[in-house]
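The chain contents come next:
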Amino acid sequence: MPKKIAERVIYLTEILNRYDHQYHVLGEQEVPDSEYDKLYKELKEIEKKYPEFKKADSPSSKIGGQPQDKFKSIKHINRMYSLNNAFSNEDLKNFDSRLKNIVKSDEDLEYTCEPKLDGIAVNLRYENGELKYALTRGDGVIGEDITLNVRTIKNIPFTLQGNKKIIIPSTIEIRGEIFMTKQHFEQLNDHARSHNEKEFANPRNAAAGSMRQLDPQITAKRNLSVFFYSVGDVWDVDLPDTHYETLQYLKKLGFPINPKNKLVNNLEKCQHYYQEIGIIREQLPYEIDGVVYKINSHAMQKKIGYVAKAPRWAIAHKYPAEEVMTILKEVEFQVSRTGILTPVARLEPVSVGGVTVSNATLHNMDEILRKDIRINDTVIIRRAGDVIPKVVEVVLNKRKNSKKIFLPDKCPVCGTKTHKDDNIVAAYCTAGMQCKAQQQESISHFVSRKAMDIEGLSKKTVSQLVDTKIIKEIADLYSIEVEDIINLERMGEKSASNLINSIKKSKKTTLARFIFALGIKDVGDVIAKKIAEHFKTIPKILSAKYEELVGIEDIGEVVANNILQFFSNQRNLDSINKFLKLGVKPQYEQAQNNTELSNKNFVITGTLNKYSRETAKTALEGLGANVTSSVTKKTDFLVVGVSPGSKFNKAKNLGIQILSEDEFIMFIEQYS
Ligand code: IVH
């Protein structure tokens, strides 16, 4: 038994040291944080039980790996610490009681709460108000000189601005986190994709990779940012007595400080803060992996002190992981409205970001080839926000019995031979409306919210209508009666008559919606609006010429040809005639000078601090928005106060935009 334990310790120490080196020095990540945390926890537990097996180079007694000598190595004046983690309320309570014991007090403790940005730590030294050098954390003792790269970051001051009240210390070292916003990360990857270059797996890796550039001109193009969170060393100036006031002082000196930082007077309020930030986490412009609580009083911090690698007076309260590892069991191809075959990964179910995931999008064959994704591969799955999870990358060193993925020769739904592009990265089913999948997708698009907006026609109901041949083509929707559908599975009398009513209601619609609903290739709702504005009637659209179409803003050659092709197809013309005969009346509607909130649907949940529900409702209605009580697919925004109800989860699942109270107030101010 002890032999087995000793072997396990060696294995865990080696693998964690390797992951540390990749993460801290190379700016790469072979496994997701959750996998690292799991192994680290296992090692710590064994080391606690069998201290005699602990290795001298155990990752539990150091931070990160040794710096590379590409950049000059410099010893930190004062060690750069890491943070211990809390994953549950129990961990937090233990932390708070431990500190109360140390300071020998039963009184509530005051904490500063800060978002924990997921980027890379940096230490800046200013002498006589001038930026002298910038170091990475490295192993906490020795960092690397990244001054040239740091000087390219736009929100870092080169020179500090003092005044009569704000004295600039002769020397000050400050610490913070360099990060890339989600928006700049997407832009960087879009650029990489279009230039056939390697994409970064996440904004953290992108920030780390950017700081590791030997050419600062490349770093300068990466749009990095920083927020500072502590002082590492200071001369000739007495810092304020508390951490929160110190952050205000740093702000006055010209350093960017996170505006979401908050001072609270007990642990319960830290937990509220965790919830509040959790709610708006997806809307934050940068990625965070938790929040940090720090004892506010400097005197108390000093008394509480440090453990080997972290302050005892601070803790990181982590959110559930957004990236996890799982096995890709199978790839299935789904047929889209226009016949394109899209690959979908079927996964070994795994919990990510608190939700069990068993499917992930693979986008297209191009992506599969670029990332070299194969069946049976161990893959990293990422679920950021409410978007469908995606496969970030393959864990190559775990590859075993993998099978390459090929485009199918036959449509998986109707069996028709597929057409493949010359470059073999895309395949299409050529059966058009004869293919059940394409027919169903077209109907679902036709009835969707931005198109004819027919409520009560879920994908399931559409599939029933097609299977039972109640609908053979989309226009048949307008001739169905209650009796035709009342006997369908899970369709009561009430829902049948509701459905028929909403179909009838949709007959009166705008020209733009109708054009969008037709599903012409590449004609989205915006282009549909432009077509409606230009031609104003259906006959004029039907007789449109190429020159006139390309003269419309946003319509290029490809889209113009798609439109002409659509209207030259007799089947499509017959279908349009049938719609009109059955009473569909698309009317051109002049764009009104509405505010952007006109007709947007809001729901409020939880208690708001600064507004009563009624005042919030009146303010929104004054701007033309609707306020309703339940969350449905039609809801545009959910405003979330303290202790939100089940509406919050429902809205999250429906992908509805969520606003915290502060964001809601900003919204109102912006539009008032
Ligand atoms: S305080 C002595 N505050 O998290 C204090 N760290 O896991 C040590 N981080 O190395 C750090 N946001 O890179 C602190 N508001 C914040 C932070 C933060 C992100 C990073 C930092 C640190 C790592 C520890």
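Quick note: structure is the one above.
Residues numbered from 1 in each chain as written. Predicted model: local features only at pLDDT ≥ 70, side-chain atom pairs only at ≥ 80, totals over all residues. Heavy atoms only, no water.

The subject of this paragraph is the overall build of the protein chain. Each helix and strand in the protein chain was counted, giving 24 helices and 24 strands. With the principal axes as the frame, the protein chain shows a C-alpha extent of 85 × 60 × 50 Å. Here the protein chain, with 672 residues, has 49% of them falling under the buried criterion. A sequence separation of at least 24 residues applies to 68% of the contacts in the protein chain between residues at least 6 apart. For the protein chain, the separation between the mean place of its 98 positive charges and that of its 88 negative charges on side chains is 2 Å. (Helix = DSSP H or I, 4+ residues; strand = E, 2+ residues; numbered from the N terminus. Buried < 20%, exposed > 50% of the residue type's maximum accessible area, 1.4 Å probe, protein only. Contact = heavy atoms within 4.5 Å. Lys, Arg positive; Asp, Glu negative; His and termini not counted. Charge placed at Lys NZ, Arg CZ, Asp CG, Glu CD.)

Take Glu199: it is sitting in the loop between helix H5 (182-194) and helix H6 (203-211). Under the relative-accessibility criterion, Glu199 is labelled buried at 16%. Side-chain polar atoms of Glu199 contact the side chain of Arg193, separated by 2.8 Å. Side-chain polar atoms of Glu199 contact the side chain of Arg370, separated by 2.4 Å. Residues within four places of Glu199 in sequence aside, it is in contact with Asn189, Ala192, Arg193 and Arg370. (Polar contact = N/O pair within 3.5 Å; in protein donor to acceptor, adjacent residues only side chain to side chain.)

Further remarks concern the packing of helix H12 (residues 436-447) against helix H13 (residues 459-467). Two elements in contact, H12 and H13, have axes whose closest approach is 10 Å; the angle formed by their N-to-C orientations is 130°. If you check the angle between H12 and H13, you find them oblique. Our pair here, H12 against H13, has a crossing hand that is right-handed. Contacts between H12 and H13 pair Lys436, Gln439, Gln440, Glu441, Ile443 and Ser444 from the former with Lys459, Val462, Ser463, Val466 and Asp467 from the latter. For the contact of H12 with H13, the class distribution of residues is 3 nonpolar, 4 polar and 4 charged. (Axes fitted to C-alpha atoms, helices over the stretch in contact; angles between N-to-C directions. Parallel < 35°, antiparallel > 145°, perpendicular 65-115°, else oblique. Left-handed = near helix turned anticlockwise from the far one by under 90°. Nonpolar A, V, L, I, M, F, W, Y, C, P; charged D, E, K, R; others polar.)

This brings us to the sheet that holds strand E10 (residues 288-295). Across the sheet, 5 strands lie side by side as E2-E11-E10-E3-E9; this open sheet has mixed pairing. Every other strand in the sheet has two partners, leaving strand E2 (85-86) and strand E9 (262-264) as the edge strands with one partner each. Sheet topology places E10 next to strand E11 (residues 314-318); 5 bridges connect them, and they run antiparallel. Opposite Tyr293, over in E11, you have Ile315 as the bridge partner. Together, E2, strand E3 (111-117), E10 and E11 form the strand contacts of helix H3 (residues 89-102), whose direction differs from that of E11 by roughly 170°. Along the sheet face, helix H9 (residues 267-280) touches E3, E9, E10 and E11 and points at about 160° away from the line of E10. (Pairing = 2+ DSSP bridges.)

Before going further, it helps to examine the pattern of salt bridges. Scanning the entire structure with this criterion turns up 33 salt bridges. A salt bridge links Arg193 to Asp190, with the nearest nitrogen and oxygen atoms 2.4 Å apart. Residue Arg193 and its partner Asp190 are both found in helix H5; the two are separated by 3 residues, about one turn of the helix. What makes Arg193 partly exposed here is its relative accessible area of 32%. A salt bridge links Lys450 to Asp525; the nearest nitrogen and oxygen atoms lie 3.6 Å apart. With Lys450 in the loop between H12 and H13 and Asp525 in helix H17 (residues 525-535), this pair connects stretches of sequence that are 75 residues apart. Linked by salt bridges that have partners in common, Asp190, Arg193, Glu199, Glu367, Arg370 and Lys371 make up one network. (Salt bridge = Lys/Arg side-chain N within 4 Å of Asp/Glu carboxyl O.)

Lining the immediate surroundings of the ligand are 14 residues, of which Glu114, Arg137, Glu177, Tyr229 and Lys294 lie closest. Lys294 places a side-chain nitrogen or oxygen 2.9 Å from a nitrogen atom of the ligand. Contact with the protein chains removes 89% of the 520 Å² of surface that the ligand exposes when unbound. Those elements that place two or more of their residues in the shell around the ligand are E3 and E10. With 4 residues, E3 is the largest single contributor of residues to the shell around the ligand. Residue composition of the shell around the ligand, grouped by class: 8 nonpolar, 1 polar and 5 charged. (Near = heavy atom within 4 Å. Areas by Shrake-Rupley, 256 points an atom, 1.4 Å probe, with all protein chains shown as cover.)

The next point concerns the packing of aromatic side chains. Applying the stated criterion across every chain, the model contains 17 aromatic pairs. The structure contains a cluster of three or more aromatic residues connected by ring pairs, namely Phe446, Tyr478, Phe514 and Phe579. In this structure, Arg79 packs its charged tip against the face of Tyr81, placed 5.8 Å from the ring centre. Sitting above the plane of the Trp235 ring, Arg125 keeps its charged end 5.8 Å from the centroid. (Phe/Tyr/Trp six-rings, centres within 6.5 Å; stacked < 30°, edge-to-face > 60°. Lys NZ or Arg CZ within 6 Å of the ring centre and 35° of its normal.)

Under the 1.5 Å per step criterion, the end-to-end length of helix H21 (residues 570-581) is 16 Å for 12 residues, consistent within 8% with the ideal 16 Å. Listing the buried residues of H21 in full gives Asn572, Ser575, Ile576 and Phe579. The buried residues of H21 all sit within an arc of 100° when viewed along its axis, so they share a single face. Buried residues in H21 make contact with H12, helix H16 (511-517), helix H18 (538-542) and helix H20 (557-568). Where H21 starts, the residue carrying a side-chain oxygen 2.8 Å from the main-chain nitrogen of Arg571 turns out to be Asn569. Two residues or fewer after H21 comes Gly583, characterised by a positive phi angle close to 100°. (Expected span 1.5 Å × (residues − 1). Arc of directions from axis to C-beta.)

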